[in-house]
Structures are given as C-alpha cells and as structure tokens.
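# Summary of structural features
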Amino acid sequence: MERTLVLVKPDGVQRGLIGEVIVRLERRGLRLVAAKFIAVSQELAETHYAIHKGKPFYDGLIRYITSAPVMAMVWEGPNAVAAVRQTMGATRPTEAAPGSLRHDFALEIGRNLTHASDTVENGEKEVALWFKSEELVTWGREIDRWVFEK
Ligand code: IDP
Ligand code: MG
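Let us look at the structure shown here. (Residues numbered from 1 in each chain as written. Chains lettered and ligands numbered in written order. Predicted model: local features only at pLDDT ≥ 70, side-chain atom pairs only at ≥ 80, totals over all residues. Heavy atoms only, no water.)

## Observations concerning the sheet that holds strand β3 (residues 70–76)
Ordered by their spatial adjacency, 4 strands build an open sheet running β2-β3-β1-β4, and the pairing between neighbours is antiparallel. The open sheet terminates on both sides in strands that have one partner only, identified here as β2 (31–38) and β4 (114–116). On average, each strand axis in the sheet is inclined to that of its neighbour by 15°, with strand direction left out of account. Alignment of β2 against β3, held across 7 bridges, turns out to be antiparallel. The residue bridging alanine 34 from the neighbouring strand is valine 74, located in β3. Packing of helix α7 (residues 120–130) onto the sheet brings it into contact with β1 (3–8), β2, β3 and β4, and relative to β1 it is tilted by some 55°. (Pairing = 2+ DSSP bridges. Helix = DSSP H or I, 4+ residues; strand = E, 2+ residues; numbered from the N terminus. Axes fitted to C-alpha atoms, helices over the stretch in contact; angles between N-to-C directions. Contact = heavy atoms within 4.5 Å.)

In structure tokens, the structure reads:
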C-alpha cells in the first residue's frame, strides 16, 4: 500500500488545525499508519529540506519548521501520495484549489500549514527519515473493502 509523510507544520499546530488535517485525511478514506508530536531538530529539518538548500527561502523555511512543534504522520492508501497532495492543495495557498486545506486555511507560501511527500519514492524516503520501522502500525479496518477496491 502506498504511503506518504504528512506534517502539520508549526503554524497549523499553533492555529489548532491538527484535528482539521486529520479529519480531512480520515474522511478521504486514507488509513493512519503512524503519528508523533515532536519538536523538529535542526539536523532533521536540514535533512528533510536538503533539496531546497541554497534557495532564497531556505533559511526561513528551516526557521519556520523548527520554530514550534509539528505533528508528523504517515498515511496510506491507493494513490496516497497524489490524494494527500490534492487534499493539501498547491504550495502557494492563493493557487490552491478551493476546498483544499491550503486554500481554506492559508494565505502565504511560507505559512502553508502542511507538508506532504511529492512522489512515491520521496514518500518512502521521508517515512524512513521521520519514523523508525517499529513505529509504523500495520492494521486493517472493517470498512477497508468499501474504500479500497482491491
Ligand atoms: P511543497 O511543500 O508543496 O512540497 P516545496 O516546493 O517542496 O512545496 O517547498 C517546501 C516548502 O518550502 C513549502 O511548503 C513552503 O513552506 C516553503 N516555500 C517554498 N517556496 C517558498 C517561497 O517562495 N517562499 C517562502 N517559502 C517557500
Ligand atoms: Mg515539497
């Protein structure tokens, strides 16, 4: 089953939107695999956002993600990566589709509430970066056959 890393970033936590993010992912039919509420270390932030090193917004991004606790989660389901990116909306909130989280709750690209893995490959890497394998819960729900076709 495809897995993706989701972060409710510091602004989402401070604004009391952890529940809103979880509600939307649960309601979509995705299955929670792991969750932890943590203060992000400088080292974890730099590894997670290594691809953005050198960009003008990089220093601010590292300050943002380490500024207050985040809610880190792993969600799974068919096409989980694409489904979660769609539920979050485009990176720039003013370009996010109406009904998406970033459209409904954010205004600025540097305060866009959430992170979600952008490819299946990055999803696997990010899940391994943020969680130990023993923190990932393998389980099934009674309703899975009514949400997942196979
Ligand atoms: P994503 O979070 O939608 O995958 P990325 O392009 O991977 O977007 O950028 C990572 C994060 O860096 C964004 O979510 C946003 O918080 C921040 N970011 C990206 N571009 C800018 C910018 O131009 N100004 C400020 N922050 C930015
Ligand atoms: Mg990204």
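## Details of the pattern of salt bridges
Inspection of the entire model under this criterion finds 9 salt bridges. Residues lysine 125 and glutamate 121 are paired through a salt bridge, measuring 3.6 Å at the closest nitrogen-oxygen approach. In this pair, lysine 125 and glutamate 121 both sit in helix α7, 4 residues apart, roughly one turn of the helix. When sorted by exposure, lysine 125 lands in the same class as glutamate 121, which is exposed. In this structure, aspartate 144 and arginine 141 form a salt bridge, with 2.6 Å as the shortest nitrogen-oxygen distance. Here aspartate 144 falls in the buried class, since its relative accessible area comes to 10%. With a relative accessible area of 19%, arginine 141 lands in the buried category. It is possible to trace a salt-bridge network through shared partners that takes in Arg3, Arg31, Glu76, Arg141 and Asp144. (Salt bridge = Lys/Arg side-chain N within 4 Å of Asp/Glu carboxyl O. Buried < 20%, exposed > 50% of the residue type's maximum accessible area, 1.4 Å probe, protein only.)

## Topic: unusual backbone geometry
A negative phi angle characterises most non-glycine residues, just as the trans form characterises most peptide bonds. In this model, asparagine 79 sits at a positive phi of 55°, which is unusual for a non-glycine residue. Its location among the elements puts asparagine 79 in the loop between β3 and α5 (80–88). One non-glycine residue, leucine 113, lies in the positive phi region at around 75°. As for its position among the elements, leucine 113 is in the loop between α6 (101–105) and β4.

## Considerations on the environment of phenylalanine 131
Following the sequence through the fold, phenylalanine 131 ends up in the loop between α7 and α8 (144–147). Look at phenylalanine 131 and you get buried, because its relative accessible area is 5%. Between the C-alpha atom of phenylalanine 131 and that of glycine 29, which follows or precedes it by 102 residues, the distance is 22 Å. In contact with phenylalanine 131, other than residues within four places in its own chain, are Leu5, Ala34, Ala35, Lys36, Ala72, Met73, Val74 and Leu136.

What is shown is where atoms sit, not what they do.
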